[in-house]
Amino acid sequence: MAATKTFLTGIQTSGEPHIGNYVGAIKPALAAAESSDTLYFLADYHSLNTVKDPDRLRHNIRSVAATWLACGLDPDRTVIYRQSSVPEVFELSVILSSVTGKGLMNRAHAYKAARDRNAEAGSADLDAGVNMGLFNYPLLMAADILVMETDYVPVGRDQAQHLEYAADIAGSFNHLYGASYSFPIPQGVYNEGDAAVLPGTDGRKMSKSYDNTIPLFLPENRLRKLVRRIPTDSTPVEEPKNPDSSVVFQLLTHFEEPARLAETRKRLEAGGMGWGELKDQLFEAINTEVAPMRVRYERLMEPDSELDGILAAGAVRARERSRRVLAKVRRAVGID
Ligand code: ADP
Ligand code: TRP
């Protein structure tokens with residue numbers, strides 16, 4: 001096993017990134033990538049389960065890659081690649097399926113949740129609408145991780161079960177074939193406690209699934225309009241307001257400088273500051289932070305930008321690794 005520890009994480013390409021993704025995932029991941037051997041990949045085959053429109057998927061893949069690069073991912077340090085460019089992932093997934101119990105997959109949260117929804121809806125077939133992509137999702141994810149001999153996987157808490165499965169599956173493989181080859185057992189790294197959860201424009205958690213997001217790289221005029229449309233109560237300008245009950249203020253805490261934020265809080269609590277003014281401040285704060293990145297993003301999204309070349313170079317580096325690992329795995333199982 002390599003002496004330096006390997007960090008790997010997968011990024012779904014199911015939609016255009018929003019400011020919740022930026023604050024909760026992209027910023028911390030980029031900060032972590034500065035000090036370790038890191039691979040970040042676009043989980044495009046995973047997203048095929050949810051995105052059935054090919055043009056949409058194509059767009060999302062480029063958009064997600066361009067976002068990470070625009071936000072500061074340095075492709076010379078961090079290997080960035082598309083899952084679909086590394087066929088060893090899929091080969092390993094088949095090999096791992098022979099050491100993975102079906103019962104384990106039956107207990108996976110996403111699969112169980114789909115069955116519960118069918119039960120609630122009174123459907124006779126609890127597997128209605130469940131495709132094999134959803135069922136096999138944890139297996140493919142284990143292959144993503146193991147094919148790079150990953151030590152640590154920084155992810156959200158919601159992915160903890162997937163990480164346990166990857167470790168379990170690696171253990172089963174090692175138990176059988178360990179005399180010839182063993183995978184390092186991967187570990188999840190969860191950013192605890194201060195993990196920010198940004199509310200969406202309707203007050204629920206900001207999420208693509210709720211259609212309540214503020215997309216990260218909305219053109220300036222559309223960003224201003226969207227922020228202006230965030231619902232607020234009808235407290236008159238001169239009345240005192242509770243900043244903590246306001247989505248606008250909560251979002252502001254992630255973009256405004258601390259001193260100015262404290263001053264804004266005081267003004268709201270004292271009365272005399274209206275929601276309109278607060279929204280203008282939020283727009284300015286977001287826009288100031290994202291404007292330089294938006295310029296890079298828009299350049300990368302042009303059809304002939306360096307984006308595709310960067311992903312191709314990343315795939316070459318990723319495959320140097322995955323080929324090496326797969327050769328050992330094939331030898332261990334007797335298919336060489
Ligand atoms: P979505 O809910 O919009 O589909 P994903 O589930 O694809 O977002 O999440 C991608 C990453 O962004 C995850 O690491 C997740 O923890 C983070 N993330 C998503 N929504 C938020 C949010 N509202 N606040 C903070 N982080 C978020
Ligand atoms: N399941 C992860 C998510 O929904 C994405 C993902 C796919 C992943 N493969 C991975 C994360 C491998 C870490 C490692 O966010």
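Preceding this section is the structure that the text describes.
Residues numbered from 1 in each chain as written. Chains lettered and ligands numbered in written order. Predicted model: local features only at pLDDT ≥ 70, side-chain atom pairs only at ≥ 80, totals over all residues. Heavy atoms only, no water.

(A) Looking closely at the site of ligand 1. Close to ligand 1 lie H18, G20, N21, G24, A25, A196, V197, L198, K205, M206, S207 and K208. One of the side-chain nitrogen or oxygen atoms of H18 is found 2.7 Å away from an oxygen atom of ligand 1. Here a nitrogen atom of ligand 1 sits 3.1 Å away from a polar atom, N or O, in the main chain of G20. Here ligand 1 has 530 Å² of accessible area as a free molecule, and 73% of this is covered by the chains. (Near = heavy atom within 4 Å. Polar contact = N/O pair within 3.5 Å; in protein donor to acceptor, adjacent residues only side chain to side chain. Areas by Shrake-Rupley, 256 points an atom, 1.4 Å probe, with all protein chains shown as cover.)

(B) Seen up close, the pairing of strand β4 (residues 152-155). The alternating pattern of β4 places V153 and V155 on a buried face and Y152 and P154 on a face that is not buried. Of the strand pairs in this sheet, β4 and strand β5 (residues 187-190) are connected by 4 bridges, and their pairing is parallel. Across the sheet, residue P154 finds its bridge partner in β5, namely V189. (Buried < 20%, exposed > 50% of the residue type's maximum accessible area, 1.4 Å probe, protein only. Helix = DSSP H or I, 4+ residues; strand = E, 2+ residues; numbered from the N terminus. Pairing = 2+ DSSP bridges.)

(C) Looking closely at the site of ligand 2. Among the 14 residues in the neighbourhood of ligand 2, the closest are listed as G10, Y137, M141, D144 and Q159. One nitrogen or oxygen atom from the side chain of H46 is found 3.5 Å from a nitrogen atom belonging to ligand 2. In this structure, Q159 approaches ligand 2 through a side-chain N or O atom, which is 2.9 Å from a nitrogen atom. Surface burial for ligand 2 is 88%, taken as the share of its 370 Å² of free accessible area covered by protein chains. When the residues that make up the shell around ligand 2 are grouped by side-chain class, the tally is 8 nonpolar, 5 polar and 1 charged. (Nonpolar A, V, L, I, M, F, W, Y, C, P; charged D, E, K, R; others polar.)

(D) Quick peek at the packing of helix α3 (residues 54-70) against helix α13 (residues 307-333). Interaxial distance between α3 and α13 falls to 11 Å at its minimum, and their mutual angle equals 85°. The angle between the axes of α3 and α13 places the two elements in the roughly perpendicular class. Counted together, R62, A65, A66 and L69 of α3 and L307, D308, I310 and L311 of α13 form the full contact between these two elements. Here the residues of the contact of α3 with α13 sort into 6 nonpolar, no polar and 2 charged. (Axes fitted to C-alpha atoms, helices over the stretch in contact; angles between N-to-C directions. Parallel < 35°, antiparallel > 145°, perpendicular 65-115°, else oblique. Contact = heavy atoms within 4.5 Å.)

(E) Representation of the pattern of salt bridges within the structure. Applying the stated criterion across every chain yields a total of 15 salt bridges. Across the salt bridge formed by E149 and K328, the nearest N and O atoms sit 3.1 Å from each other. One end of the pair, E149, is in the loop between α7 (132-146) and β4; the other, K328, is in helix α13, with 179 residues separating them in the sequence. Of the charged contacts, one joins D244 and R265 as a salt bridge, the two residues approaching to 2.9 Å between their closest N and O atoms. With D244 in the loop between α9 (220-228) and α10 (247-252) and R265 in helix α11 (residues 258-270), this residue pair connects regions lying 21 residues apart in the sequence. Relative accessible area serves as the criterion here: at 45%, D244 is assigned to the partly exposed category. Here R265 falls in the partly exposed class, since its relative accessible area comes to 28%. Each of D244, R265 and E269 takes part in a single network of salt bridges with overlapping partners. (Salt bridge = Lys/Arg side-chain N within 4 Å of Asp/Glu carboxyl O.)

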